Amino acid sequence: MALIDIINHKKLGLALSAGEISEFAAAAKDPGTPDYQLAALLMAIRLKGMDARETAELTLAMAHTGDMLTPSVGGVAVDKHSTGGVGDTTTLILAPLVAACGGKVLKMSGRGLGHTGGTVDKLESIPGFQTELPEEEFLRITREVGCCVVGQTGELAPADKRLYALRDVTGTVDSIPLIASSIMSKKLAGGAQAIVLDVKCGSGALMKTREDSLLLARAMVDIGRRNGRRMSALITRMDEPLGSRVGNALEVREAIEVLSGRVKGPLLQVALALGSQMLMLSGLADSVRQAEEMLKKALQEGRGLLKLAQMIAAQGGDARVCEDPGLLPQAKHQKDLLAPASGWFSRMDTQQAGEAARMLGAGRRQKEDVIDPAVGYMMLKRLGDRVEAGEAMARLFYNDHTLLMQAEAALTGSFTLSPEPFSPAPWILAHIDQNGKETSLT
């Protein structure tokens, strides 16, 4: 069938057949297909939507345009995916903790782009750490250590790679069927048998409202279930940075401090919640309570930090950073950002706050941009805190004075102080189970 016929069908609001969807995915992979035809079909999907069956079939079709891993890791291969946020270092905490409890965490991660950070960039701030590994090495480390985190290969869902780039420049990013199929096509191709989703909600998230976050979570869980995966999703808050540090080496340092037992707070809370779901889907725990107790015991006994050191060493990195975080890249300069007035910290434009880290050099606008692993900032106040005029709200770590000025302005502008006390929402808002059933946690 010609692609123009498929465009016309969707333009009229008709559901696409499995054959039409396969043709669409194959066309997206084919470099000979004109961008304008793919863009037209993307816009038709954005305007007319896709039902659950179409979305699931598009996901699988895109996954099959490239490599499909069939991992043998000595247990249930489990993965976790976040829809993106600021100061979100949960992978570096939960992957070794889950592995310390007997899990097999097989994870392909991405780089940061725009205001969100990337796990690959964070890990590459560790001296010597390799995120590009052959498939057999990726599986061997997962089997022997219990966790391995690498970058996504170029042959993983290549149709999605092209469509993703087109969506970014055609105003079709905000389509739940396209978002869900993009994320899940790479997850299905990655071979995990169990997938836990962290769907962010708030000013620093792709989905700004709870309602949209729930729609996206349900769509992705449904795709996984239809394709034989064990699925679970949490809706978590992203209206301020999850961790206190934002920036690549800074976030690795915080993950090490959490695993060392020196730091608690929301980053650990969300990591434990996601890790508990991973243990349950892996068949290693029968309840959330049991799973969380297992993770906390591994944390208290230092087994999570040991697993992180083992993973770093297995992937060519300097595992001494787990004992001496001072070996991580460090910025030359620091500057405190002072509150201009007194009040209650009531709101944060977290997307703008993420942009502030990028302005310092911690992120990139284009994939080719070179990042500075040492720079970023540390939040000294959280939403709901009382702040006095002249009190430090954040500490910036920088190497370039020119970049500091614009980043400082952006971060200052992201804060809102109010005269009345403010109580933020819980960090974990809801749970979506394998069957799409929601349990509200607020």
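Shown above is the structure to which this text applies.
Let me sum up the structure you'll find in this document. (Residues numbered from 1 in each chain as written. Predicted model: local features only at pLDDT ≥ 70, side-chain atom pairs only at ≥ 80, totals over all residues. Heavy atoms only, no water.)

**So, empty space enclosed by the protein**
Taken as a whole and judged by the stated rule, the model has three cavities of 30 Å³ or more. One number sums up the size of the second largest cavity: a volume of about 70 Å³. Lining the second largest cavity, in full, are Asp79, Leu106, Lys107, Met108, Phe138, Gln152, Leu156, Lys186, Lys187, Gly190 and Ala192. Contributing elements (two or more residues each) for the lining of the second largest cavity: strand 2 (104-109) and helix 9 (176-190). Here the residues of the lining of the second largest cavity sort into five nonpolar, two polar and four charged. (1 Å grid on protein atoms, 1.4 Å probe; cavity = no way out; pocket = protein on both sides within 12 Å on 5 of 7 lines; lining within 4 Å. Points joined across faces, edges and corners; volume = space filled by probe spheres on them. Helix = DSSP H or I, 4+ residues; strand = E, 2+ residues; numbered from the N terminus. Nonpolar A, V, L, I, M, F, W, Y, C, P; charged D, E, K, R; others polar.)

**Points about the environment of Gly102**
With respect to the element layout, Gly102 can be found in the loop between helix 5 (90-100) and strand 2. Residue classification places Gly102 among the partly exposed residues on the basis of a relative accessible area of 43%. Expressed as a C-alpha distance, the spacing of Gly102 and Gly75, which sit 27 residues apart in the sequence, is 8.6 Å. (Buried < 20%, exposed > 50% of the residue type's maximum accessible area, 1.4 Å probe, protein only.)

**Points about the pairing of strand 11 (residues 392-398)**
The element strand 11 is largely enclosed, with a buried count of six among its seven residues. Direction of pairing for strand 7 (residues 333-338) relative to strand 11: antiparallel, over a ladder of six bridges. Counterpart to Gln334 in the pairing with strand 11 is Phe397. Bridge count between strand 9 (residues 376-379) and strand 11: four bridges; the pairing is antiparallel. By the bridge assignment for strand 11, Met378 is matched with Arg395. (Pairing = 2+ DSSP bridges.)

**Points about a negative patch on the surface**
Side chains of Asp67, Glu135, Glu136 and Glu155 sit close together on the surface and give a patch of like negative charge. Inspection of the secondary structure puts Glu135 in helix 7 (residues 135-145). The class for Glu135 is partly exposed, based on a relative accessible area of 39%. (Patch = residues over 30% accessible without salt bridge, like charges linked within 9 Å, V, L, I, M, F, W, Y side chains within 5 Å. Areas by Shrake-Rupley, 256 points an atom, 1.4 Å probe, with all protein chains shown as cover. Salt bridge = Lys/Arg side-chain N within 4 Å of Asp/Glu carboxyl O. Lys, Arg positive; Asp, Glu negative; His and termini not counted. Charge placed at Lys NZ, Arg CZ, Asp CG, Glu CD.)

**Notes on the environment of Arg162**
Structurally, Arg162 can be placed in helix 8 (residues 158-170). If we skip the residues at most four places from it in the chain, Arg162 touches Ala27, Ala28, Asp30, Pro31, Thr33, Pro34, Asp35 and Leu38. (Contact = heavy atoms within 4.5 Å.)

**Re the sheet that holds strand 9**
Pairing in this open sheet of four strands is antiparallel, and the strands run 6-9-11-7 from one edge to the other. This sheet does not close on itself; its edge strands, each paired only once, are strand 6 (245-246) and strand 7.

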